[in-house]
Amino acid sequence: MKKLYITLLAITFGSELYAQSDSKFWQNIQISESLETAEKKEKPAQFMVTFPKNMPSSWLINLGVAYKFDDIFKYGVSKALIEYHKNTLTDKEQNNFQVGYGITNKILSISEADPFSEFDSEKSIYIDADLKYVYDGVAIKNSFASTVLFSYYKDGTHGTNINSFSWYNKHRQGIFLSFYGGLQSQGIFNAKDKDSKGLIIRPLYIVGLQYQITSKSDNYNPIVRLTLDYTGRVDAINTSEYKEDYTHLFKAGADIFIAYEPVKVSIGGSFNYGSDPLKGLEKQQFWLLSLNISK
């Protein structure tokens, strides 16, 4: 009989992390599922592991860690980043490692007076760009990849915000609407299958919706969070022998939070359908139950 364990990495090292929570280094650490975008909507890292008695163990790890450098750009940040995505629980396994450097910077800003508030609202255009080395441990291939995304940011106290929370019911309920669009390029230069070598350029877009309920008695920290995310892309240029055509990834999830310091910890479930070529996720449909952490 299989025994299921949700990995308690965040809790195991919680005391050590909490002791460092006031340090400059810890304040600049970002923990997420993926570091492709810099939206304020949290995408927690996911962990799960199974240890069957007479069978190999199975793993789920979706983890991105970045260190942010605050002082390089006047209107943004840069970051060194590393990601690891491993999933042996699904029909088609995933084992993907990424390391690189990214920037987030404001390229256009329009501030205006808000007639419904004493504060001004801000409307801006941001660019998110990165350059990474990517290794796919299932297909056994190496590549360099870059993603350049543009996003519209609206933050004010009246109306619906974009890429920022809109709060209702005295900050007890929040809605986060996000949208990104841009280009992703991947140059595969060393692969077990020689036909997969080549340059791929994918126009892509990412849309997301998040709803959360917060606790007034606990500094408005989230209690329950519901999320919807959709990514669409197409290989407009592809010099390899394998054409991708239009690919997509849809995710719907729910999280219940159990801790907030030194990292947010939640237990969540999600429905996933589609693929992500850069992260080595083959097209498939599956459910996940995981322990999630974010910072």
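Computed from a predicted structure; not experimentally measured.

### Digging into the packing of aromatic side chains
For the structure shown, the criterion picks out eleven aromatic pairs. Consider the rings of Phe-271 and Trp-287, whose centres lie 5.1 Å apart with planes at 55°: the pair is tilted. Note that Phe-271 is positioned in strand E15 (residues 264-276) and Trp-287 in strand E16 (residues 281-294), a separation of 16 residues in sequence. Given the relative accessible area of 18%, Phe-271 is considered buried. An aromatic cluster is built from Phe-25, Tyr-67 and Phe-69, whose rings are joined through pairwise contacts. Directly above the ring of Trp-26 sits Lys-295, whose terminal nitrogen or CZ lies 5.0 Å from the centroid.

### A short note on the pattern of salt bridges
Within this structure, the stated rule accounts for three salt bridges. Here Glu-83 makes a salt bridge to Lys-132, at a shortest N to O gap of 4.0 Å. Within this pair, whereas Glu-83 is found in strand E5 (residues 76-87), its partner Lys-132 is found in strand E7 (residues 120-136), the two being separated by 49 residues in sequence. For Glu-244, the salt bridge goes to Arg-202, with nearest N and O atoms at 2.9 Å. Here the residue Glu-244 occupies a position in the loop between strand E13 (237-238) and strand E14 (246-259), and Arg-202 occupies one in strand E11 (residues 198-215), the gap between them amounting to 42 residues. Look at Arg-202 and you get buried, because its relative accessible area is 0%.

### Re the nonpolar core
In this structure, Trp-26, Ile-29, Ile-31, Ala-45, Phe-47, Ile-61, Val-263, Val-265, Leu-291 and Ile-293 together form the largest nonpolar core, which totals ten residues. When residues of this core are traced back to their parent elements, those giving at least two are strand E2 (29-32), strand E3 (45-50) and E16. Formed by six residues, the second largest nonpolar core is a distinct cluster that contains Leu-60, Leu-249, Phe-286 and Leu-288.

### Notes on empty space enclosed by the protein
Take a probe with the size of a water molecule and roll it over the atoms, and the empty space left behind shows itself. For the structure shown, the criterion picks out three cavities of 30 Å³ or more. In this model, the largest cavity occupies a volume close to 600 Å³. Residue lining of the largest cavity: 36 residues in total, with Glu-33, Lys-43, Asp-229, Lys-251 and Asn-272 positioned closest to the centre. Elements represented by at least two residues in the lining of the largest cavity include exactly E5, strand E12 (221-234), E14, E15 and E16.

### What to know about unusual backbone geometry
Cis geometry is adopted by the peptide bond preceding Pro-262, which originates at Glu-261 and carries an omega value of 0°. Looking at where Pro-262 falls in the secondary structure, it is placed in the loop between E14 and E15. The backbone phi angle of His-171 is positive, close to 70°, even though this residue is not glycine. You can see His-171 is positioned in the loop between strand E9 (165-168) and strand E10 (173-191).

### As for the layout of surface pockets
In this model, the second largest pocket occupies a volume close to 570 Å³. Elements that contribute at least two residues to the lining of the second largest pocket include exactly E10, E11, E14, E15 and E16. Each residue belonging to the lining of the second largest pocket can be placed in one class, and the counts come to eight nonpolar, nine polar and nine charged.

### What about the environment of Lys-170?
With respect to the helices and strands, the residue Lys-170 is situated in the loop between E9 and E10. The sequence separation of Lys-170 and Lys-216 amounts to 46 residues, and the corresponding C-alpha distance is 8.9 Å.

Each value, and the rule that gives it
- Residues numbered from 1 in each chain as written.
- Predicted model: local features only at pLDDT ≥ 70, side-chain atom pairs only at ≥ 80, totals over all residues.
- Heavy atoms only, no water.
- Phe/Tyr/Trp six-rings, centres within 6.5 Å; stacked < 30°, edge-to-face > 60°.
- Helix = DSSP H or I, 4+ residues; strand = E, 2+ residues; numbered from the N terminus.
- Buried < 20%, exposed > 50% of the residue type's maximum accessible area, 1.4 Å probe, protein only.
- Lys NZ or Arg CZ within 6 Å of the ring centre and 35° of its normal.
- Salt bridge = Lys/Arg side-chain N within 4 Å of Asp/Glu carboxyl O.
- Core = buried A, V, L, I, M, F, W, Y, C linked by side-chain atoms within 4.5 Å.
- 1 Å grid on protein atoms, 1.4 Å probe; cavity = no way out; pocket = protein on both sides within 12 Å on 5 of 7 lines; lining within 4 Å.
- Points joined across faces, edges and corners; volume = space filled by probe spheres on them.
- Nonpolar A, V, L, I, M, F, W, Y, C, P; charged D, E, K, R; others polar.

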